[in-house]
Every structure is written in structure tokens, then in C-alpha cells.
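The residues making up each chain are set out below.
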Amino acid sequence: ELKVVIIGAGSSYTPELIEGLINRTAELPLRELWMVDIEDGREKMAIIANLARRMLKKAGLDVSVHETLDRRAALTGADYVCSQFRAGCLDARISDERIALKFGMIGQETNGLGGFANACRTIPIALEIAREMETLCPDAWLLNFTNPSGMVTEAILRHTTIKAVGLCNVPVIMQKGVTKLLGGSSDFIMQVAGLNHFIFARQILQNGMDKLDDVIDEIIAGNDPLVPRNIPPFTWPAHVLKGLRMIPCAYLRYYYMKDDILKQEIGEANGEGTRGEVVKALEHELFEIYKNPELAEKPQALEGRGGQYYSEAACELMSAIHNDKRIIMHVNTRNNGAINGLPDDCAVEVSSVITRSGPLPLNVAAFPEDTLRLLQLMKSFEQLTIEAAITGNRHTAWRALVLNPLITSGTLLEQALEAVIEENKELMSAF
Ligand code: NAD
Ligand code: G6P
Ligand code: MN
């Protein structure tokens, strides 16, 4: 029987994880659920823990739910650890968005300047957790959702001995979207490859045929259910999809349609607020709902968040590892040659066969050279960002930032970096 730990349990997404675990009790015999948060999240965690208890009780399950601020106690003897914390909480996300916009750049949680700042806050904590796991639960699997998920996973794989797999709901949303476009049948295999929030669907195999062109035609015709809630609906220029013959994930829009997004974000920032600000209001509503002592299920309202369906990835991954299911899932893991042209030992987000011994990434056909260059550039950005997050070296930070197509250079960059460091004085521990 399993001991599962959730770090950052005060997240409004947690009820989805609980639902996922309840739906899989036959496959995942859960004994103890340990929720961990920090002082700032104590109240939210208490509300979530009580809702979780009601959900488990309704499902007739005898699982003990512990809430603690003592991470070491929680990690001791754990089997699976789900990491889903937000270093600096939502206020830090909002400040990232606002600083980037102030300096004329896209303000986003995982991309560009915001992604860099998020990484610098998060990676030192993620490494601390993994190092604690090395002594307290060396055999446990770490399922990382904490953003920026790709960089966090790469940092852990590179610097610790912990078995870590990085996750994202974007490929899940793409998979569900393609199911819809193929008429509801799920008897196909979608293969994705790239980096977290930078993936491409490479083939969609059904009955020995590649349905990629059919799906692309649907999307061009204005039917695009592959976009998560946090990204406003948009249309890809037809030639982009036809020409690439790949389906870029919605986050690629930040790179391929940068100025359009920036304009849109400036409008939002002056109107309903940045995404972080909108999420803050949404989160407030969600916790009001969660508090209701009659509620014993995941409420519909959670679907307004961009991370919808993320529990499917987390719980299905846990079950696939635990039961050696050998199913294909889309995860962040060591490349090991899956993407030709990226280092073997770097983390990539690729369709992989999930076994008890870990994910086996599937090889993809060579990327067109220009797309490969972009992937290599972004991987260098990620690796330099990780190094900066650990060392606090400003020159390394600058080297990372000047590479990123979403980030400006020169005086504005110097000023923006100073503003980020100043604003995050207490949160970016290496700087
Ligand atoms: P949130 O702001 O609610 O944060 C979750 C919890 O983390 C909060 O209760 C907070 O108090 C806690 N926390 C902060 N620092 C902590 C620390 N050092 N140790 C333990 N807990 C800590 O965030 P959210 O919007 O619910 O998202 C949670 C995380 O999951 C974020 O990193 C988010 O980006 C990520 N996420 C990722 C995906 C994905 O596709 N990979 C999907 C959804 C959410
Ligand atoms: C998903 C991404 C997550 C991200 C979330 C943001 O699309 O995969 O990595 O955390 O959206 O959603 P939010 O509701 O917080 O803006
Ligand atoms: Mn994601």
C-alpha cells in the first residue's frame, strides 16, 4: 500500500488529483496521503485536506490524510511524490508578468522573462526537495508538475539521483482534442516531441495511416480544441501548419506570433488583468466553493484553469509505473537519442513507453533543420537558466536571456534583469 505525498497541496488543482486517485483505487492501493505546504499556504491546504477527506469518505475509502508544514516528515518512506508548488505564490507570477510587460516583453508564467524568473525561484527549492528524497525516500518516484516543468525536471535529473518524470497537461489536452477531431475514437497514437511548452505533434497514427493532415485541415477550418484555457483562442495561419506538417502546441504561439500576443497581453493588462490576476480571482472563487462542507467532489469551476485534466497525467503516470503498464504517455525525461540533435542527457518532452523501470522515450523522425535550431536554442536557454538559478551568476543569466527570442537585449534587458532580481530578493535564493 502506498504513501503518496503532494508538495504544494494548497493548490486549487489538488481536488483533481484526489479525484484521479479515487478513480484508480483498484490500480493504486493508497494508504496514506501526505499534504505539504508552507506557512503562506496553510489555510488553503486545510480547506483542500478537508475536501479531500470528504471526497475519500464518499468514495468509501479508508485513506488517512495528513497535512503538514514539515516536508521531511512527509517525505520519509514515500512511494510517490507529486510536486506542484509555486515558489513565491501567485503574487510572484503577477510581478513577473507586470515587469516583463513594463519592459515591452511578453509576460508569461513559463516563457520568456517570466519563465526565467520562475525558474530562478523554483529550481533551488526543487533541488532541495530532491536531495531530501535522496535520504528519506531514495526509491520514490518524483512526478513533477511544478513549473517551469521541463527545466525543473532537467535540473533534478542532472543534479540528483532521484527518479524524476516531468509532466504537463498540454499533451493531454492535445490528445483529447485530436480524439474529438477524429470523431471521438481514441484508437490512435499521437507522437509528440520537443521541450516542455515547446512540443510538436509529429504523427497521428490510426489503422496504419498518418492522420496528421486530416487533423491539420480541421484546425485550419477553425476547429481547434487543442488549446488550453489559459491561452486565448487564436487561429494559426494555414501555411504554418501545412508547411510544417507538424502541429505546434499552443505555447508555440508565443514564438511564432510574438507581437500579436504582446498586443493582446497589453490589452488584458489594462483591462481584466494579467493571467495571474485573473487566476487570483478564480482561485478565490474556487476556495469559496471548496469550503462548502456539503461538497464532496471536484467542482466544475476548476475547468476554468489552464491546467485542467492534469490529474489524468499524474495519476495515470503513477499507475503506469506502479503496474508496469507499458502504455504510451507524453512526459519529460532524458532524451537518450529520441530527438536527434539534442544532447542524450538533457530533458525533453516526448511520447514514451511507461514501464516500472521508467519511461522509454520513442524516437521521432528528424526535425526540419530550422525547427531543430529553435529547439537547440531553447535547450541552451533552459540549461543556462538552470545554471543561473543555481549559481546566481548575472552574466550566466544574461547569456540565457539574450538567447531567448521573447526577450529583448541591450539596456532594456539589463534593466529588466535588475528589476527581476530586485523584486525577487527574498525568493531567488542564489542571487
Ligand atoms: P498555487 O499558487 O496555488 O501554488 C500551490 C501551492 O504551493 C500554494 O498553496 C503555495 O502555498 C505552495 N508553495 C509555495 N512555495 C512552496 C514551497 N516551497 N513548498 C511547498 N509548497 C509551496 O499554484 P497553482 O496555480 O495551483 O499551480 C501549482 C504549480 O503547478 C505551479 O508551479 C504551476 O505552474 C504548476 N502547474 C503545472 C502544470 C503543468 O502543466 N506542468 C499544470 C498546472 C499547474
Ligand atoms: C497549462 C499549462 C500549465 C500551466 C497552466 C496555467 O496549460 O500546461 O503548465 O500551469 O496552463 O493555467 P492557469 O489557469 O494557472 O493560467
Ligand atoms: Mn504545462
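Residues numbered from 1 in each chain as written. Chains lettered and ligands numbered in written order. Predicted model: local features only at pLDDT ≥ 70, side-chain atom pairs only at ≥ 80, totals over all residues. Heavy atoms only, no water.

Here we take up a nonpolar patch on the surface. Taken together, the side chains of Ile 189, Leu 205 and Ile 328 present a nonpolar region at the surface, about 220 Å² in accessible area. Inspection of the secondary structure puts Ile 328 in strand E11 (residues 327–334). (Patch = residues over 30% accessible without salt bridge, like charges linked within 9 Å, V, L, I, M, F, W, Y side chains within 5 Å. Areas by Shrake-Rupley, 256 points an atom, 1.4 Å probe, with all protein chains shown as cover. Salt bridge = Lys/Arg side-chain N within 4 Å of Asp/Glu carboxyl O. Helix = DSSP H or I, 4+ residues; strand = E, 2+ residues; numbered from the N terminus.)

Glancing now at the site of ligand 1. In the vicinity of ligand 1, 25 residues are found, and the nearest of them are Ser 11, Asp 37, Arg 86, Glu 109 and Arg 305. Within the side chain of Arg 305, one N or O atom sits 2.7 Å away from an oxygen atom of ligand 1. Protein chains bury 95% of the 850 Å² of accessible surface belonging to ligand 1 in isolation. Across the shell around ligand 1, the residue classes tally to 9 nonpolar, 10 polar and 6 charged. (Near = heavy atom within 4 Å. Polar contact = N/O pair within 3.5 Å; in protein donor to acceptor, adjacent residues only side chain to side chain. Nonpolar A, V, L, I, M, F, W, Y, C, P; charged D, E, K, R; others polar.)

Our next topic: the coordination of the manganese ion (ligand 3). Ideal coordination angles are 109.5 degrees for a metal with four donors arranged tetrahedrally and 90 or 180 degrees for a metal with six donors arranged octahedrally. Protein-derived coordination of the manganese ion (ligand 3) comes from Cys 168 (SG) and His 197 (NE2), at a distance range of 2.2 to 2.4 Å. You can see Cys 168 sitting in the loop between strand E6 (163–166) and helix H7 (170–181) and its partner His 197 sitting in the loop between strand E7 (189–195) and strand E8 (198–206), a full 29 residues away along the chain. Judged by its relative accessible area of 6%, Cys 168 is buried. On the basis of relative accessibility, which here comes to 6%, the residue His 197 falls in the buried class. (Donors = N, O, S within 2.8 Å, 3.2 Å for Na, K, Ca; no water. Buried < 20%, exposed > 50% of the residue type's maximum accessible area, 1.4 Å probe, protein only.)

Turning to its location among the elements, Lys 163 is positioned in strand E6. Given a relative accessible area of 30%, Lys 163 falls into the partly exposed group. Not counting the four nearest positions on each side in its chain, Lys 163 is found in contact with Asp 139, Ala 140, Trp 141 and Leu 142. A polar atom in the side chain of Lys 163 sits 2.8 Å from the backbone oxygen of Asp 139. (Contact = heavy atoms within 4.5 Å.)

Another point: the pattern of salt bridges. Scanning the entire structure with this criterion turns up 30 salt bridges. Across the pair Arg 71 and Glu 128 runs a salt bridge, and its minimum N-O distance is 3.0 Å. Separated by 57 residues along the polypeptide, Arg 71 in helix H3 (residues 71–75) and Glu 128 in helix H5 (residues 112–136) bring together distant segments of the chain. When its relative accessible area of 44% is taken as the criterion, Glu 128 is described as partly exposed. A salt bridge links Asp 324 to Arg 326; its shortest N-O distance comes to 2.9 Å. Using a relative accessible area of 56% as the deciding quantity, one classes Arg 326 as exposed. The network of salt bridges with shared partners includes Glu 154, Arg 158, Asp 345, Lys 379 and Glu 382.

The subject of this paragraph is the layout of surface pockets. Quantified by volume, the second largest pocket comes out at close to 470 Å³. As for the second largest pocket, its lining consists of 18 residues, of which Gln 175, Glu 316, Ile 328, Met 329 and His 330 are closest to the centre. Split by residue class, the lining of the second largest pocket holds 10 nonpolar, 4 polar and 4 charged. (1 Å grid on protein atoms, 1.4 Å probe; cavity = no way out; pocket = protein on both sides within 12 Å on 5 of 7 lines; lining within 4 Å. Points joined across faces, edges and corners; volume = space filled by probe spheres on them.)

Here we come to the packing of helix H14 (residues 369–391) against helix H15 (residues 394–403). Relative to each other, H14 and H15 sit at 160 degrees, their axes nearing to 8 Å. Considering the angle they form, H14 stands roughly antiparallel to H15. Our pair here, H14 against H15, has a crossing hand that is left-handed. Within the contact between the two elements, H14 uses Leu 377, Ser 380, Phe 381, Leu 384, Thr 385, Glu 387 and Ala 388 and H15 uses Thr 396, Ala 397, Arg 399, Ala 400, Leu 401 and Leu 403. When grouped by side-chain class, the residues that make up the contact of H14 with H15 number 8 nonpolar, 3 polar and 2 charged. (Axes fitted to C-alpha atoms, helices over the stretch in contact; angles between N-to-C directions. Parallel < 35°, antiparallel > 145°, perpendicular 65-115°, else oblique. Left-handed = near helix turned anticlockwise from the far one by under 90°.)

One pass over the full model with this rule turns up 2 cavities of 30 Å³ or more. Within the residue set of the lining of the largest cavity, elements represented by two or more residues are helix H6 (149–159) and H14. Of the residues forming the lining of the largest cavity, the biggest block, 3 residues, is contributed by H14. Split into classes, the residues belonging to the lining of the largest cavity amount to 7 nonpolar, 7 polar and 1 charged. What the second largest cavity holds in volume is close to 50 Å³. Lining the second largest cavity are Met 174, Asp 224, Leu 226, Val 227, Phe 234, Trp 236, Ile 247, Pro 248, Cys 249 and Ala 250. Broken down by class, the residue content of the lining of the second largest cavity amounts to 9 nonpolar, no polar and 1 charged.

On to the pairing of E8, then. The buried count for E8 comes to 7 of 9 residues, which makes it a mostly enclosed element. Hairpin remark: E7 followed by E8, antiparallel, with 2 residues in the connecting loop; positive phi at His 197, about 60 degrees. Pairing geometry for E8 and strand E10 (residues 247–248), over 2 bridges, is antiparallel. Directly across from Ala 201, in E10, lies its bridge partner Ile 247. Remark: 2 residues form the turn of the hairpin made by E8 and strand E9 (residues 209–210), two consecutive strands paired antiparallel; Asn 207 in that turn has positive phi of roughly 55 degrees. (Pairing = 2+ DSSP bridges.)

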